[in-house]
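The primary structure of each chain is shown beneath.
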Amino acid sequence: MEHLTPAQQHWQKVMASRRGGLPAEMSRADMTAYENILHRLRADQAQLSNIQGNDRKAAYKRKVLPNYRGWIEGVLESQSGVADEVFTRTLVWHIDAGLYTEALHMAEYAIQFNLPLPDNYNRTLATVLVDEICDWSLAVKASGKEDEVTASLDDLLSLERITAQSDMPDGARAKLYKVIGLTLKNDDKQQALALEYLQKAILIDKDIGVKKEIEQLLRAVRKQEDDTPKK
């Protein structure tokens, strides 16, 4: 499938930003624009249904997501809060593709307006974000492979901020704190903060699996305190 031209992207953006108006104010062109972008989404979903491997699915999503950029920008610009399957579906595709910064930018808007996820998701958006981003980060940390792309510290802190007021299972919240703590752990200047996050994680979920790391950090932080010259 060919990528959209800049002019087509701009048209998408304009149509998406106008879609937030009152139904009586919407022209046939506005409604047709959504039908067209929804048709593109259905075509991409059909292609994805023929792909079995997750890596190949993620590669396909990275390939086609630029075709939705104009629409996404228009939705974010409108700040209308109108339910939009194209927006929420491509939000999840950004997560699947490892495009976390873009996904979180979209998620902040979706959570603000409580946009519904597509029908096949039985979790809240906040839980989907934490599960998908943190499960992959934990898997990579367990594998010992440092060349795999995972969420950056900035992305993880954005995820914490965006989901702070959202309801989610205790295990999910603890998992987020665990990943932040483990990400901070190897920075000597951040070990005290890493310890705080891991302690918060185990207080929420005692089986989160951070006891060894907490013991190591307690020793490291105490040593730092002992080595700090007293004034």
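Novice: Describe in detail the side chain of D155, supporting the description with residues and values.
Specialist: With respect to the element layout, D155 can be found in helix α8 (residues 153–162). R161 provides the closest opposite charge to the buried, salt-bridge-free D155, at an N-O distance of 9.2 Å. Setting aside residues no more than four positions away along its own chain, D155 makes contact with Y100, T101 and L104.

Novice: Kindly report on the packing of helix α4 (residues 69–78) against helix α5 (residues 85–96), identifying the contributing residues and their values.
Specialist: Closest axis-to-axis distance for the α4/α5 pair is 10 Å, and the angle between their directions is 115°. Two packed elements cross with a definite hand, and for α4 against α5 that hand is left-handed. Residues W71, I72, V75 and L76 of α4 form the contact with α5, whose participating residues are V86, F87, T90 and H94. When its residues are assigned to classes, the contact of α4 with α5 shows six nonpolar, two polar and no charged.

Novice: Pulling in residues and values, what's your account of the confidence of the model for the protein?
Specialist: Here the protein averages 89 in pLDDT, and 93% of its residues register 70 or above. For the stretch residues 21–26, pLDDT sits under 50, and the model shows four contacts to residues farther than four places along the chain or on other chains.

Novice: Let's hear about unusual backbone geometry: which residues, and what values?
Specialist: A positive phi angle is found at Q79, which is not glycine, with a value near 50°. For Q79, the position within the fold is in the loop between α4 and α5. Of note, the phi angle at N114 is positive, near 55°, even though the residue is not glycine. As for its position among the elements, N114 is in the loop between α6 (100–112) and α7 (125–143).

Novice: I'd like to hear about the packing of α8 against helix α9 (residues 170–185), residue by residue, with values.
Specialist: Axis separation between α8 and α9 bottoms out at 10 Å; the angle between their running directions is 150°. Considered as vectors, α8 and α9 are oriented roughly antiparallel to each other. You can see that α8 and α9 cross each other, and the crossing is left-handed. Residues L153, L156, L157, L159 and E160 of α8 touch α9, and the partners they reach there are L176, Y177, V179, I180, T183 and L184.

Novice: With reference to specific residues and values, describe the pattern of salt bridges.
Specialist: The final tally for this structure, using the stated rule, is 12 salt bridges. Among the ionic pairs, D131 bridges to R123, the shortest N-O distance being 3.0 Å. Judged by its relative accessible area of 13%, D131 falls in the buried class. Residue R123 is classed as partly exposed on the basis of its relative accessible area of 28%.

Novice: Can you lay out the layout of surface pockets for me, pointing to particular residues and giving the numbers?
Specialist: The space that makes up the largest pocket amounts to roughly 660 Å³. What lines the largest pocket is a set of 22 residues, among which N54, A58, I95, D96 and A97 lie closest to the centre. Listing elements by their share of the lining of the largest pocket, those giving two or more residues are α2 (28–49), α3 (54–64), α5 and α7. Counting residues per element, the lining of the largest pocket draws most heavily on α3, which supplies six residues. For the lining of the largest pocket, the per-class residue count stands at nine nonpolar, four polar and nine charged.

Novice: Hey, could you go over the nonpolar core for me, with residue numbers and the actual values?
Specialist: Judged by nonpolar contacts, the single largest core of 61 residues is most densely connected at Y68, W71, F87, L91, L129, I133 and L159. In contact with Y68, other than residues within four places in its own chain, are Q12, I37, R40, L41, D44, V86, T90 and W93.

Novice: Which residues make up the packing of aromatic side chains, and what values do they have?
Specialist: Summed over the entire model, instances satisfying the criterion amount to five aromatic pairs. Centre to centre, the rings of Y68 and W93 are 6.2 Å apart; their planes meet at 85°, and the pair counts as edge-to-face. Of this pair, Y68 sits in the loop between α3 and α4 while W93 sits in helix α5, placing them 25 residues apart in sequence. Residue classification places Y68 among the buried residues on the basis of a relative accessible area of 0%. Seen in terms of ring centroids, F87 and Y109 are 5.3 Å apart; in terms of plane orientation they differ by 70°. Their pairing is edge-to-face. Placement of F87 in helix α5 and of Y109 in helix α6 is noted, with a sequence separation of 22 residues between them. Under the relative-accessibility criterion, F87 is labelled buried at 0%. Here the aromatic cluster, defined as three or more aromatic residues joined through ring pairs, consists of F87, Y109 and F113. Sitting over the ring of Y177, K200 keeps its end group 4.4 Å from the ring centre.

Analysis parameters
- Residues numbered from 1 in each chain as written.
- Predicted model: local features only at pLDDT ≥ 70, side-chain atom pairs only at ≥ 80, totals over all residues.
- Heavy atoms only, no water.
- Helix = DSSP H or I, 4+ residues; strand = E, 2+ residues; numbered from the N terminus.
- Buried < 20%, exposed > 50% of the residue type's maximum accessible area, 1.4 Å probe, protein only.
- Lys, Arg positive; Asp, Glu negative; His and termini not counted.
- Salt bridge = Lys/Arg side-chain N within 4 Å of Asp/Glu carboxyl O.
- Contact = heavy atoms within 4.5 Å.
- Axes fitted to C-alpha atoms, helices over the stretch in contact; angles between N-to-C directions.
- Left-handed = near helix turned anticlockwise from the far one by under 90°.
- Nonpolar A, V, L, I, M, F, W, Y, C, P; charged D, E, K, R; others polar.
- pLDDT = per-residue confidence, 0-100.
- Parallel < 35°, antiparallel > 145°, perpendicular 65-115°, else oblique.
- 1 Å grid on protein atoms, 1.4 Å probe; cavity = no way out; pocket = protein on both sides within 12 Å on 5 of 7 lines; lining within 4 Å.
- Points joined across faces, edges and corners; volume = space filled by probe spheres on them.
- Core = buried A, V, L, I, M, F, W, Y, C linked by side-chain atoms within 4.5 Å.
- Phe/Tyr/Trp six-rings, centres within 6.5 Å; stacked < 30°, edge-to-face > 60°.
- Lys NZ or Arg CZ within 6 Å of the ring centre and 35° of its normal.

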